[in-house]
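So the chains spell out like this:
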Amino acid sequence: MSVRVISDTCTGCETCVPACPFGAIEMRDGKAFITENCTLCGACVEVCEFKAIERTEEAAAPVADLSAYKGVWVFAEQHKGGISSVTLELLGEGRKLADKKKTKLSAVFIGHGINGKAKELIAHGADIVYVADDPALRDFNDDAYAAVLTTLAKLHKPEIILAGATAIGRSFIPKVAANLCTGLTADCTVLDIDPETGHLHQTRPAFGGNIMATIVTPNHRPQMATVRHKVMKKADRDDARKGDIIDVKFTASGDVRTKVLKTVEEVSETVNISEADIIVAGGRGMASQKNFQMLEELAKVLGGAVGATRGAVDEGWVPYSHQVGQTGKTVCPKLYIAAGISGAIQHLAGMQSSDVIIAINKDPDAPIFSVATYGIVGDVNEVLPIMIKKFKEMRG
């Protein structure tokens, strides 16, 4: 639908200007002009005595034939040949979706020296594993990975493609969606199949986590989504499962415009927050990078990982890889200690599924206490040293 001014008919009477409830009409060169604020309400059409404004219906785009698209695919992320835990979560969820659609679940495995790991994907639920094993794919590269997945998707036409909302997934999956001219829903926390239409329901937090939006891609295929780590259950392993392993040759090297010169891994004495059972996290209330050393010491004593809010990361006190929240990582540890964290919605979205949450904050009205299992009202500079001392005593 569109609203337009017929310039030859418009007399410049300005009757339509005050009639627009959204202030979307202004006069330019003696003629009415409709701005981008227009909501297509049609109020201007009704008040124009000279029929100089018209609202027209645009022809609906023809519905594409989607019957050729079958199957659920999972991008099987790996690191140095080891299958990432998010892949096992995707296989568990993908298996449920495939069973509801009564179709096969496939995994796309990209890297070098990974052939021997393909059977693990079958053991965790995949019916088919497409393996692109090539020296050119040793290091992750947006162009190379996108070329492999795009080529396979165009050839085999999957109905659904899932990937982890990790640094790798967020980096190259949008490029695949653009190549396939389809939609992509990022950071999903719930996936389901509509029993009436068969469409994939993709649910994710919206408006800062205040609401949950369910998104559908009814007219394009494949339906694509990235899924947050640690929000879905891992697939059970069954070594008795049988499946097909299909080798894929990497022939799209001409599409690769970039080259990985060097990969530098962050060195940390604590474990990765995505895999940690215990996380000690800090916010702006820690006040300085020096104070974050207390969190690192406590995490080391407990055998856990250090997390942080976006505010602490923005201050430069800790690297982005430690950020928990809507723009960071979603975690689900057994114990989450939140020190100097007020509890913004964006941060809570990434950690409130933790089994036990201990909050330390000198403000008794801080929102973090509303989700905490246990709350300590006090100064982190006084509370943390006591906790470190006690846990050291307990652990000998």
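Just so we're clear, the structure is a prediction, and the values are computed from it rather than from any experiment.

A. Molecular detail of the packing of helix α7 (residues 292–302) against helix α10 (residues 380–394). Viewed as axis vectors pointing N to C, α7 and α10 meet at an angle of 25°, and their least axial separation amounts to 10 Å. With respect to α10, the axis of α7 lies roughly parallel. Taken as a pair, α7 and α10 cross one another with a handedness that is left-handed. Residue-level inspection shows Met294, Leu295, Glu297, Leu298, Val301 and Leu302 of α7 in contact with α10, the latter providing Val380, Asn381, Leu384, Pro385, Met387, Ile388, Phe391 and Lys392. Residue composition of the contact of α7 with α10, grouped by class: 11 nonpolar, one polar and two charged.

B. Spatial organisation of the confidence of the model for the chain. For the chain, per-residue confidence averages 90 on the pLDDT scale, and 95% of positions sit at 70 or higher. Across the chain, strand β5 (residues 72–76) holds the top mean pLDDT of 97, while strand β14 (residues 211–215) sits lowest at 86.

C. Expanded view of the pattern of salt bridges. Enumeration over the complete set of coordinates arrives at 18 salt bridges. For Arg4, the salt bridge goes to Glu54, with nearest N and O atoms at 2.6 Å. Note that Arg4 is positioned in strand β1 (residues 2–5) and Glu54 in strand β4 (residues 53–56), a separation of 50 residues in sequence. Between Glu159 and Lys101 there is a salt bridge, and its shortest N-O distance comes to 3.1 Å. On the criterion of sequence distance, the pair formed by Glu159 in the loop between α5 (142–156) and β10 (160–164) and Lys101 in helix α3 (residues 85–101) is long-range, its members being 58 residues apart.

D. Spotlight on the sheet that holds strand β19 (residues 335–339). In spatial order, the strands read β18-β17-β19-β20-β21; together these five strands make up an open sheet with parallel pairing. In this open sheet, the two strands that pair with only one neighbour each are β18 (305–308) and β21 (374–377). Here the average twist between neighbouring strands, direction ignored, is 20°. Judged from the five bridges that link them, β19 and strand β20 (residues 356–361) form a sheet pairing that is parallel. Each residue of the ladder has a partner; that of Leu335, found in β20, is Val356. In the packing of α7 onto the sheet, the strands contacted are β17 (278–282), β18 and β19, and the crossing angle to β17 comes to about 175°.

E. Empty space enclosed by the protein, seen in detail. Applying the stated rule across the entire model yields two cavities of 30 Å³ or more. By volume, the largest cavity is sized at about 80 Å³. Every residue lining the largest cavity is counted, 14 residues in all, and those nearest its centre are Cys10, Cys13, Cys16, Ala32 and Cys48. Taken as a whole, the second largest cavity spans an internal volume of roughly 70 Å³. Lining the second largest cavity are 14 residues, and of these Cys20, Cys38, Cys41, Gly42 and Cys44 lie nearest its centre. In the lining of the second largest cavity, the residues fall into 12 nonpolar, two polar and no charged.

F. Representation of the side chain of Thr150. Within the element layout of this structure, Thr150 appears in helix α5. Classification of Thr150 as buried rests on a relative accessible area of 7%.

G. Inspection of the nonpolar core at higher detail. By size, the foremost hydrophobic cluster in this structure holds 29 residues, and its most contacted members are Leu91, Phe109, Leu121, Val129, Leu162 and Leu191. Among the secondary structure elements, those contributing two or more residues to this core are β5, α3, β8 (105–111), α4 (118–123), β9 (128–133), β10, β12 (190–193) and β15 (223–227). Sorting elements by how many residues they give to this core places α3 first, with five residues. Once residues within four sequence positions are removed from consideration, Leu162 is found in contact with Trp73, Val74, Phe75, Leu90, Gly94, Leu97, Leu191 and Ala225. Within the second largest apolar cluster, 26 residues are counted, among which are Ile161, Ile173, Val176 and Leu180.

H. Inspection of the side chain of His124 at higher detail. Along the chain, the position of His124 falls in the loop between α4 and β9. The class for His124 is buried, based on a relative accessible area of 9%. A distance of 2.9 Å separates a polar atom in the side chain of His124 from the backbone oxygen of Glu120. Among all residues touching His124, those that are not within four sequence positions of it are Leu88, Leu91, Ala235, Asp236 and Arg237.

I. Main features of the sheet that holds β9. Taken together, seven strands build an open sheet; the order of strands is β11-β15-β10-β5-β8-β9-β16 and the sheet is parallel. Every interior strand has two partners, whereas the edge strands, β11 (184–188) and β16 (244–247), have only one. Each neighbouring strand pair of the sheet contributes to a mean axis angle of 20°, computed without reference to strand direction. The pairing of β9 with β16 spans four bridges and is parallel. Each bridged residue has a counterpart across the sheet, and for Tyr130 the counterpart in β16 is Ile246. In this fold helix α6 (residues 167–179) packs onto β5, β10, β11 and β15, with an angle of close to 170° to the strand it touches most, β15.

J. Representation of the packing of aromatic side chains within the structure. Evaluated as defined, the whole model comprises seven aromatic pairs. Considering the side-chain rings of Tyr145 and Phe172, the 5.9 Å spacing of their centres and the 85° angle between planes classify their relative orientation as edge-to-face. With a gap of 27 residues between them, Tyr145 in helix α5 and Phe172 in helix α6 connect regions that are remote in the sequence. In this structure, Tyr145 and Phe172 share a single accessibility class: buried. Their ring planes at 50° and their centres at 6.2 Å tell us that Phe292 and Trp317 sit as a pair that is tilted. With Phe292 in helix α7 and Trp317 in the loop between α8 (310–314) and β19, the pair connects residues that are 25 residues apart, well separated along the chain. Just as Phe292 is buried, Trp317 falls in that class too.

Reading the values: rules and limits
Residues numbered from 1 in each chain as written. Predicted model: local features only at pLDDT ≥ 70, side-chain atom pairs only at ≥ 80, totals over all residues. Heavy atoms only, no water. Axes fitted to C-alpha atoms, helices over the stretch in contact; angles between N-to-C directions. Helix = DSSP H or I, 4+ residues; strand = E, 2+ residues; numbered from the N terminus. Parallel < 35°, antiparallel > 145°, perpendicular 65-115°, else oblique. Left-handed = near helix turned anticlockwise from the far one by under 90°. Contact = heavy atoms within 4.5 Å. Nonpolar A, V, L, I, M, F, W, Y, C, P; charged D, E, K, R; others polar. pLDDT = per-residue confidence, 0-100. Salt bridge = Lys/Arg side-chain N within 4 Å of Asp/Glu carboxyl O. Pairing = 2+ DSSP bridges. 1 Å grid on protein atoms, 1.4 Å probe; cavity = no way out; pocket = protein on both sides within 12 Å on 5 of 7 lines; lining within 4 Å. Points joined across faces, edges and corners; volume = space filled by probe spheres on them. Buried < 20%, exposed > 50% of the residue type's maximum accessible area, 1.4 Å probe, protein only. Core = buried A, V, L, I, M, F, W, Y, C linked by side-chain atoms within 4.5 Å. Polar contact = N/O pair within 3.5 Å; in protein donor to acceptor, adjacent residues only side chain to side chain. Phe/Tyr/Trp six-rings, centres within 6.5 Å; stacked < 30°, edge-to-face > 60°.

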